[in-house]
Amino acid sequence: MSSSAIGKTGETCIVCEQNKEKGIHLYTSFICEDCEKDMVLTDTNDPKYKYYIERLKMITYKQNIS
Ligand SMILES: [Zn+2]
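The shown structure was predicted, so the numbers you read here are calculated from the model rather than taken from an experiment. (Residues numbered from 1 in each chain as written. Predicted model: local features only at pLDDT ≥ 70, side-chain atom pairs only at ≥ 80, totals over all residues. Heavy atoms only, no water.)

Let us now look at the coordination of the zinc ion. Taken together, the protein donors to the zinc ion comprise Cys13 (SG), Cys16 (SG), Cys32 (SG) and Cys35 (SG), at separations of 2.3 Å. Here the zinc ion binds four donor atoms, and the angle range of 103 to 116 degrees at the metal identifies the geometry as tetrahedral. Positions of the donor residues of the zinc ion, expressed as sequence spacing, correspond to C-x2-C-x15-C-x2-C. A residue pair is termed long-range when its members are at least 10 positions apart, and cysteine 16 in the loop between strand S1 (11–12) and strand S2 (19–20) and cysteine 32 in strand S4 (residues 29–32) qualify at 16 residues. (Donors = N, O, S within 2.8 Å, 3.2 Å for Na, K, Ca; no water. Tetrahedral: all angles 85-135°; square planar, octahedral: opposite > 155°, others 65-115°. Helix = DSSP H or I, 4+ residues; strand = E, 2+ residues; numbered from the N terminus.)

Right under this line is the structure:
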């Protein structure tokens with residue numbers, strides 16, 4: 001049972017684009033717990049890692065053009 005019933009069900013993860021309750025904030029964006037764990041475990045040579053980096057680049061880029 002959740003004690004925080006303020007009508008907030010979570011945030012949209014910028015990697016998987018799903019609404020998740022648990023995760024970390026990077027700049028103004030949100031990365032869910034699952035993606036964060038996955039990112040840490042992914043080898044830097046894995047194409048999936050490159051995908052994550054691209055998503056993260058998008059965040060920093062958005063930050064810079066404000
Ligand atoms: Zn995610």
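Next comes the rest of the description.
As enumerated under the stated definition, the model contains four salt bridges in all. Between aspartate 34 and lysine 20 there is a salt bridge whose closest N-O contact spans 3.2 Å. Note that aspartate 34 is positioned in helix H1 (residues 33–41) and lysine 20 in strand S2, a separation of 14 residues in sequence. (Salt bridge = Lys/Arg side-chain N within 4 Å of Asp/Glu carboxyl O.)

A few words on the environment of glutamate 21. Inspection of the secondary structure puts glutamate 21 in the loop between S2 and strand S3 (23–26). It is 8.5 Å that separates the C-alpha atoms of glutamate 21 and glutamate 33, two residues lying 12 residues apart in sequence. Setting aside chain neighbours within four positions, we find glutamate 21 in contact with Thr9, Gly10 and Phe30. (Contact = heavy atoms within 4.5 Å.)

Another aspect to go through is the pairing of S4. Residues Ser29 and Ile31 of S4 are buried on one face, and the alternating residues Phe30 and Cys32, pointing to the opposite face, are buried as well. When S3 meets S4, the two strands line up antiparallel, connected through four bridges. Opposite histidine 25, over in S4, you have phenylalanine 30 as the bridge partner. Connecting the antiparallel pair S3 and S4 is a turn made up of two residues, with tyrosine 27 showing a positive phi of about 55 degrees. (Buried < 20%, exposed > 50% of the residue type's maximum accessible area, 1.4 Å probe, protein only. Pairing = 2+ DSSP bridges.)

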